[in-house]
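Residue-level structure breakdown
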Amino acid sequence: MLEEGTLLIKAGIFICEMSGHNCGLLNRLSRDLLTPLAFSLFGSSSDCFHTLIQEGANINNTHSPVNLLSVAAHKGLADCTTCLLNNNADPNEPNEDGKLPLEIAASKRWRECFEILFPVTNPLPKYANLTVDQIIQQEVTVRLFEEYMAIGEGDFAFWEKKYTHALGCYSLALKLGHKDTSLYAKMSICHLHKRDLSRYLDDALAYMDAMDPDCSEEDAKKSVLDYFRGWKTRHKTDEASREEHR
């Protein structure tokens, strides 16, 4: 997805710079329904983002499910947050998970983004009488709880062989900000069980990226399978222990 996004961004900027006026590629959707603007935010590329805005990219593309302001808040991109607000992005519009950009910025400890969003967001009763530091700590605690709940639900679904549901849970934990790369190994194994070999490899490589960016495809697959064998052994041990204490 990121490779496709990079191509969309580069192509959009190149064509617009060469032609000198807006073109359809600026708002073209990828197969994941993401626009070049969304890819620039996901890639934390403020320069690409501002160039696309200047060339006329539409921040309110109704065909894309992505809330750009929420992505900017998640990434801590204060300049992009300000730019979106100046271009009439709605700070009171939640993302697909029901979170406001303000809540997202607080949960990620992005104080500058939070302070930009706070004056333009409708007052939230849960923040009444709280300082900025208290609000941020509250949202961080909520986020961490949601992360671990998502992982726990994903693990339960995995061992129940509900791989699609497990993938959704692990994806949510990653989106919330969980840093444990073992989630990619678990997702890779889910894809293997679903016989989606392309995504099995993609997530295997993502799992190995932090440890060995130059890892070969075959070594990445082997590492994921090694992780799965160890995880399966631990799961069986935990299950036996629970049985003993019943």
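The protein chain appears in an unreviewed UniProt entry as Ankyrin repeat protein from Urochloa decumbens.

Pairing between side chains of opposite charge can happen when their charged atoms approach one another. Overall, the coordinates contain 13 salt bridges when judged by the stated rule. For Arg199, the salt bridge is made with Asp196, and the minimal N-O distance between the two is 3.9 Å.

Here we take up the nonpolar core. Counting residues in each nonpolar core, the largest one holds 34 residues, and the members touching the most others are Leu37, Leu41, Phe49, Ile59, Leu68, Leu84 and Leu117. Ignoring sequence-local partners within four residues, the contact set of Leu37 consists of Phe49, Leu52, Ile53, Ala57, Asn58, Ile59 and Leu68. Phe158, Ala173, Met187 and Cys190 belong to the second largest nonpolar core, which has 25 residues in total.

Attention shifts here to helix α11 (residues 197-209). End to end, α11 covers 18 Å across 13 residues, agreeing with the expected 18 Å (1.5 Å per residue, within 8%). Those residues of α11 that fall on the buried side of the exposure criterion are Tyr200, Leu201, Asp203, Ala204, Tyr207 and Met208.

Okay, helix α4 (residues 68-75) next. For α4, the tally of buried residues reaches six of eight residues, placing the bulk of the element in the interior. Where α4 is buried, its residues touch α2 (36-42), α5 (78-86), α6 (101-107) and α7 (111-117). Directly beyond the C-terminal end of α4, a positive phi value near 75° is found at Gly76.

Next up on the list: the packing of helix α10 (residues 182-193) against helix α12 (residues 217-244). Two elements in contact, α10 and α12, have axes whose closest approach is 9 Å; the angle formed by their N-to-C orientations is 95°. It follows from the interaxial angle that α10 and α12 lie roughly perpendicular. Touching Ser182, Ala185, Lys186, Ser188, Ile189, Leu192 and His193 of α10 are Val224, Leu225, Tyr227, Phe228 and Trp231, all from α12. Each residue belonging to the contact of α10 with α12 can be placed in one class, and the counts come to eight nonpolar, three polar and one charged.

Turning next to the packing of helix α3 (residues 46-54) against α5. Contact pair α3 / α5: the axes reach a minimum separation of 10 Å and the direction vectors enclose 15°. Considering the angle they form, α3 stands roughly parallel to α5. Relative to α5, the crossing made by α3 is left-handed. Of the residues in α5, those in contact with Ser46, Phe49, His50 and Ile53 of α3 are Asp79, Cys80, Cys83 and Leu84. In terms of residue class, the contact of α3 with α5 is built from five nonpolar, two polar and one charged.

Let us now look at the packing of aromatic side chains. Applying the stated criterion across every chain, the model contains nine aromatic pairs. Judged by centre distance (6.3 Å) and plane angle (20°), the ring pair of Trp159 and Phe228 falls under stacked. Taken as a pair, Trp159 in helix α8 (residues 132-159) and Phe228 in helix α12 lie far apart in primary sequence, 69 residues in all. A relative accessible area of 24% places Trp159 in the partly exposed class. You can call Phe228 buried: its relative accessible area is 16%. Aromatic pair Trp159 and Trp231: ring centres 4.8 Å apart, planes at 55°, arrangement tilted. A residue pair is termed long-range when its members are at least 10 positions apart, and Trp159 in helix α8 and Trp231 in helix α12 qualify at 72 residues. Trp231 gets classed as buried once you look at its relative accessible area, which sits at 8%.

What counts as what
- Residues numbered from 1 in each chain as written.
- Predicted model: local features only at pLDDT ≥ 70, side-chain atom pairs only at ≥ 80, totals over all residues.
- Heavy atoms only, no water.
- Salt bridge = Lys/Arg side-chain N within 4 Å of Asp/Glu carboxyl O.
- Core = buried A, V, L, I, M, F, W, Y, C linked by side-chain atoms within 4.5 Å.
- Buried < 20%, exposed > 50% of the residue type's maximum accessible area, 1.4 Å probe, protein only.
- Contact = heavy atoms within 4.5 Å.
- Helix = DSSP H or I, 4+ residues; strand = E, 2+ residues; numbered from the N terminus.
- Expected span 1.5 Å × (residues − 1).
- Axes fitted to C-alpha atoms, helices over the stretch in contact; angles between N-to-C directions.
- Parallel < 35°, antiparallel > 145°, perpendicular 65-115°, else oblique.
- Nonpolar A, V, L, I, M, F, W, Y, C, P; charged D, E, K, R; others polar.
- Left-handed = near helix turned anticlockwise from the far one by under 90°.
- Phe/Tyr/Trp six-rings, centres within 6.5 Å; stacked < 30°, edge-to-face > 60°.

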